[in-house]
Number of protein chains: 2
Amino acid sequence: MKIFNDINELRKHLEIYRTEGKTIGLVPTMGYLHKGHISLVQKSVKDNDITVLSIYVNPTQFGPTEDLDKYPKDLENDKKLAKEAGVDVIFIPTNSVMYLDNHATYVNVDNLTDNLCGKSRPTHFRGVTTIVTKLFNIVQPNGAYFGQKDAQQAIVIKKMVKDLNMPIDIIICPIVRENDGLALSSRNTYLNTEERNQATILYESLQKSKECIKNGEQSATIIKDMIKEMIEEKPSATIDYISIVNEDTLEDIDYIQGNILIALAVKIGQTRLIDNLRMEVNLIC
Amino acid sequence: MKIFNDINELRKHLEIYRTEGKTIGLVPTMGYLHKGHISLVQKSVKDNDITVLSIYVNPTQFGPTEDLDKYPKDLENDKKLAKEAGVDVIFIPTNSVMYLDNHATYVNVDNLTDNLCGKSRPTHFRGVTTIVTKLFNIVQPNGAYFGQKDAQQAIVIKKMVKDLNMPIDIIICPIVRENDGLALSSRNTYLNTEERNQATILYESLQKSKECIKNGEQSATIIKDMIKEMIEEKPSATIDYISIVNEDTLEDIDYIQGNILIALAVKIGQTRLIDNLRMEVNLIC
């Protein structure tokens, strides 16, 4: 496994693979790897000759009051897990490598970034789409792997790739969960024991919603109220949003039908967690 | 010479060249080719194994009151000139090929697009950087060729490529002029005889400025006032802007020193023309 911090050296190395006709998969991460990241790596290793893992905590996707400075890091463990999972190349740039002092170019996806996390984190997706574009241009992968846990991110990136004709396949992998249902996230490490116990409410309320919809509930308001009630029972929980949206437009829906996404953002103590559930609901009248 | 309207067919064709290890040059144009465009093609043909010319009048870079609908077209002549100049592939997409109905992704270069043409055409550069990104992703050229006549465009595209790590060399070619100095532009075809005669004032005032600066004039205001006076003598002329800027920042300067750009936009009758002059001014005290 090779490790690069420099863009030109990485490119030179990847060029060797490319001239050999090898396919390259990219797994962009912010490090502090968990089994969710590893599932992306495993899928890339399966699909491609070469897998590149990037580890970069991208400042432009954090708001001024967010956890940029305390985002967890464990580079040695990341390297160990990456190697075990079959990563060929790790790219670990510094901020000065990734952003020129007078950086001025941003990629924006309109509309899809207005709702959900885009509402509470107004500059977040501009940061994500910009850094992902940069990583795509640096690595020039055949495919790039993202997790369904960041549902809006997945949809926004797919839209960007389509709108800008990026020659890259975007592969979205399922959410990986703890045994009790909590979606894996590097931020779970912030939770204390009590908060960790309460955090399962996101998954539990999504499962309960699924059950209700399967039993015929068609009102988004009724489902959202039920989720709200369940979450508010947890003393550490503060709701950021509970949304039920059309999965193509990410616009709120009243009536549950078609490809829907139930998406939650909840602060447990000081830790903002997200989770979601996709459903295809076809009502037969 | 091959002609493509479809993105996938073009890509399939270019992939053949790429696997043969051939280099590809891209010359993006809006058609109605003149010797300025041809000079870009000739440079690309000299630098690369394969030259791709794109012809596309991109609606997103026109303002609502601009000349999108009447932009001149002569596809048969374009094909003839392209073939003579050594173009290997022409890409001529339609609007529905280039923009999905719900297109939502734009590339923005901040700061450099605030002044000069960005001031009078506020959404112009967003359209340019977005379409150029799309063409880069479709063609994946080794190099792309643009003219110095669109000085701000050249600087903005170079900045975008640098900021987003696009793996493409940007080559800026000199302005090609008529014998009397008028910079070649597809829009010159709009000018009637009287306007055509008056249109040389852009070049003449730039030449006069160069002379004054060479003779030691250091005040941007004095140079700009002189240009203004010269242009205002022409009855068909309406000044959009006369600017002297730092070539790196495109910010107005008062004192003429370093790498400067004198840039003009003037309406001659109904036709908006631009021209510019770059100078490196090193004063010895």
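Residues numbered from 1 in each chain as written. Chains lettered and ligands numbered in written order. Predicted model: local features only at pLDDT ≥ 70, side-chain atom pairs only at ≥ 80, totals over all residues. Heavy atoms only, no water.

- Per an unreviewed UniProt entry, chain A goes by Pantothenate synthetase and derives from Vallitalea guaymasensis.
- You can read under Function (unreviewed entry) in the UniProt record for chain A the words "Catalyzes the condensation of pantoate with beta-alanine in an ATP-dependent reaction via a pantoyl-adenylate intermediate." (UniProt positions renumbered as here; feature names shortened; annotations may be inferred.)

1. A word on the overall build of chain A
Then comes step 1: Check the secondary structure of chain A and you find ten helices and ten strands.
Then comes step 2: The C-alpha radius of gyration of chain A comes to 19 Å, within 12% of the 19 Å expected for a compact globule of 285 residues.
Then comes step 3: For chain A, the proportion of its 285 residues judged to be buried stands at 55%.
Then comes step 4: In chain A, of all internal contacts separated by at least 6 residues, the share reaching a separation of at least 24 is 72%.
Then comes step 5: As displayed, chain A has an accessible area near 13,100 Å², and 46% of this comes from carbon and sulfur atoms.
Then comes step 6: Each charge sign in chain A was given a centre, from 33 positive and 39 negative side chains, and these centres are 4 Å apart. (Helix = DSSP H or I, 4+ residues; strand = E, 2+ residues; numbered from the N terminus. Rg over C-alpha atoms; globule rule 2.2 N^0.38 Å. Buried < 20%, exposed > 50% of the residue type's maximum accessible area, 1.4 Å probe, protein only. Contact = heavy atoms within 4.5 Å. Areas by Shrake-Rupley, 256 points an atom, 1.4 Å probe, with all protein chains shown as cover. Lys, Arg positive; Asp, Glu negative; His and termini not counted. Charge placed at Lys NZ, Arg CZ, Asp CG, Glu CD.)

2. Observations regarding the packing of aromatic side chains
Then comes step 1: On inspection of all chains with the given rule, the structure shows four aromatic pairs over all chains.
Then comes step 2: On the numbers, 6.5 Å between centres and 65 degrees between planes, the contact of Phe136 of chain A with Phe146 of chain A is edge-to-face. With Phe136 of chain A in helix α6 (residues 124-139) and Phe146 of chain A in strand β6 (residues 143-147), the pair connects residues that are ten residues apart, well separated along the chain.
Then comes step 3: Plain terms: the ring middles of Phe62 of chain B and Tyr71 of chain B are 6.0 Å apart, the flat faces sit at 80 degrees to each other, and that makes the pair edge-to-face. Both residues of the pair, Phe62 of chain B and Tyr71 of chain B, belong to the buried class.
Then comes step 4: The residue whose ring lies beneath Lys134 of chain A is Tyr99 of chain A, and the NZ or CZ to ring-centre distance is 5.3 Å.
Then comes step 5: Directly above the ring of Tyr106 of chain B sits Arg126 of chain B, whose terminal nitrogen or CZ lies 3.6 Å from the centroid. (Phe/Tyr/Trp six-rings, centres within 6.5 Å; stacked < 30°, edge-to-face > 60°. Lys NZ or Arg CZ within 6 Å of the ring centre and 35° of its normal.)

3. Thoughts on the sheet that holds strand β1 (residues 2-4) of chain B
All names here are of chain B.
Then comes step 1: One open sheet holds the six strands; their spatial order is β1-β4-β3-β2-β6-β7, and the pairing between them is parallel. Each edge of the open sheet carries a strand with a single partner, namely β1 and β7 (169-173). Averaged over all neighbouring strand pairs, the angle between strand axes comes to 25 degrees, with direction disregarded.
Then comes step 2: Here β1 pairs with strand β4 (residues 89-91) via three bridges, running parallel. Within the sheet, the bridge partner assigned to Phe4 lies in β4 and is Phe91.
Then comes step 3: Helix-sheet contacts for helix α1 (residues 7-19) involve β1, β2 (24-29), β3 (50-55) and β4, and the interaxial angle to β4 is about 155 degrees. (Pairing = 2+ DSSP bridges. Axes fitted to C-alpha atoms, helices over the stretch in contact; angles between N-to-C directions.)

4. Side note on the domain arrangement of chain A
Residue and element names in this part refer to chain A.
Then comes step 1: Split by domain assignment, chain A resolves into domain 1 (2-173) and domain 2 (186-278).
Then comes step 2: The centre of domain 1, based on its C-alpha atoms, is set 26 Å off from the matching centre of domain 2.
Then comes step 3: Opposite the 22 residues of domain 1 that make contact, domain 2 presents 20 residues.
Then comes step 4: Between domain 1 and domain 2, roughly 1,800 Å² of surface is buried when both sides are summed, and carbon and sulfur atoms account for 52% of that area. (Domains from an automatic or database assignment. Buried area = accessible area lost by both parts, 1.4 Å probe.)

5. Observations regarding the sheet that holds strand β9 (residues 258-268) of chain B
All names here are of chain B.
Then comes step 1: Taken in spatial order, the three strands line up as β8-β9-β10 in an open sheet, and their pairing is antiparallel. Each of the sheet's edge strands pairs with one partner strand only, and the pair in question is β8 (237-246) and β10 (271-281). Strand-to-strand, the axes of this sheet are offset by a mean angle of 10 degrees, without reference to chain direction.
Then comes step 2: Summarising the sheet, β8 and β9 pair through nine bridges and their orientation is antiparallel.

6. Observations regarding the side chain of Thr113 of chain A
Residues and elements named next belong to chain A.
Then comes step 1: Within the secondary structure, Thr113 is located in the loop between β5 (105-109) and α5 (117-120).
Then comes step 2: Of the residues examined, Thr113 reaches a relative accessible area of 17% and is grouped as buried.
Then comes step 3: At 2.6 Å, the side chain of Thr113 forms a polar contact with the backbone oxygen of Val109.
Then comes step 4: Apart from the residues lying within four places of it in its own chain, the contact partners of Thr113 are Gly118, Lys119, Phe125, Gln152 and Val156. (Polar contact = N/O pair within 3.5 Å; in protein donor to acceptor, adjacent residues only side chain to side chain.)

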